[in-house]
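Structural characterization, general
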Amino acid sequence: GAVVSQHPSRVICKSGTSVKIECRSLDFQATTMFWYRQFPKQSLMLMATSNEGSKATYEQGVEKDKFLINHASLTLSTLTVTSAHPEDSSFYICSAQRQVNTEAFFGQGTRLTVV
Amino acid sequence: QKEVEQDPGPLSVPEGAIVSLNCTYSNSAFQYFMWYRQYSRKGPELLMYTYSSGNKEDGRFTAQVDKSSKYISLFIRDSQPSDSATYLCAMNDYMDTGRRALTFGSGTRLQVQP
């Protein structure tokens, strides 16, 4: 079964508003979670690494003030898209690794549409 | 040159065929290898996880890693229409603490025709 849960699965928002996406590890603690963005028919693009209790590490070209990441607990990371614009419309996915030297699991993804 | 190369396809096969999906990589430090299946508008689902070189089998799926050639493969036997999806290879050099993100291939789109 799913070990990483992401919510919501779909969201439509108006341009200029903010949207929060949650990523939860269901049966394990994750000190690190990852946020990806995926455009249609393209692979996953790493946006940032979310670290519990500290600042996120953003990949080059990703605006940290636009994509706010908060990893407030060992089981929850949130991604907030601030002042969303239509070009922010995309599929956002989180992932986490359950234990040392084990595979990474992904959330179900969130399809964001900004109108 | 990308760190991980994967043919995007689409790869179309008849039902029951053996499917071979492949990735090549350039970073010799990679030692953890994964294959994910992703259906449209869904998150990737882990299929196989292997460490270092060798083969691993799970049902209809077999993963092979050849570190000397920097080449990994996923074989699907008796392919079914439900196997139609995008298959992503992923790898990492260090999984110890879970603090490093995976490096992904671009994904191969597979279509199994009934």
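These figures come from a predicted structure and were not determined experimentally. (Residues numbered from 1 in each chain as written. Chains lettered and ligands numbered in written order. Predicted model: local features only at pLDDT ≥ 70, side-chain atom pairs only at ≥ 80, totals over all residues. Heavy atoms only, no water.)

**Here's the deal with the sheet that holds strand β1 (residues 4-5) of chain B**
Residue and element names in this part refer to chain B.
- Strand order in the open sheet formed by five strands is β1-β3-β8-β7-β6, and the pairing between neighbours is antiparallel. Lying at the two open borders of the sheet, with one neighbouring strand each, are β1 and β6 (54-58).
- Direction of pairing for β1 relative to strand β3 (residues 19-25): antiparallel, over a ladder of two bridges. Note on β3: the bridge partner recorded for Glu5 is Thr24. (Pairing = 2+ DSSP bridges. Helix = DSSP H or I, 4+ residues; strand = E, 2+ residues; numbered from the N terminus.)

**Section: the layout of surface pockets**
- Space inside the largest pocket adds up to approximately 630 Å³.
- In this structure, the largest pocket is lined by 25 residues; those nearest its centre are Pro40, Lys41 and Gln42 of chain A together with Thr86 and Arg109 of chain B.
- Mapped onto the lining of the largest pocket, the elements with two or more residues apiece are β9 (85-92) and β11 (108-113) of chain B.
- Here the residues of the lining of the largest pocket are counted per class, giving nine nonpolar, eleven polar and five charged. (1 Å grid on protein atoms, 1.4 Å probe; cavity = no way out; pocket = protein on both sides within 12 Å on 5 of 7 lines; lining within 4 Å. Points joined across faces, edges and corners; volume = space filled by probe spheres on them. Nonpolar A, V, L, I, M, F, W, Y, C, P; charged D, E, K, R; others polar.)

**Section: the nonpolar core**
- Ranked by internal contacts, the top residues of the largest apolar core, which has 26 residues, are Val4, Trp35, Phe67, Leu79, Tyr92 and Leu112 of chain A.
- Elements with a contribution of two residues or more to this core: β2 (10-13), β3 (19-25), β4 (32-38), β5 (44-51), β7 (67-73), β8 (76-81), β9 (90-97) and β11 (110-114) of chain A.
- Not counting the four nearest positions on each side in its chain, Phe67 of chain A is found in contact with Arg37, Met47, Tyr58, Val62, Leu79, Thr80, Val81, Asp88 and Tyr92 of chain A.
- Counting residues in each nonpolar core, the second largest holds 23 residues, with Val19, Phe61, Val65 and Val112 of chain B among its members. (Core = buried A, V, L, I, M, F, W, Y, C linked by side-chain atoms within 4.5 Å. Buried < 20%, exposed > 50% of the residue type's maximum accessible area, 1.4 Å probe, protein only. Contact = heavy atoms within 4.5 Å.)

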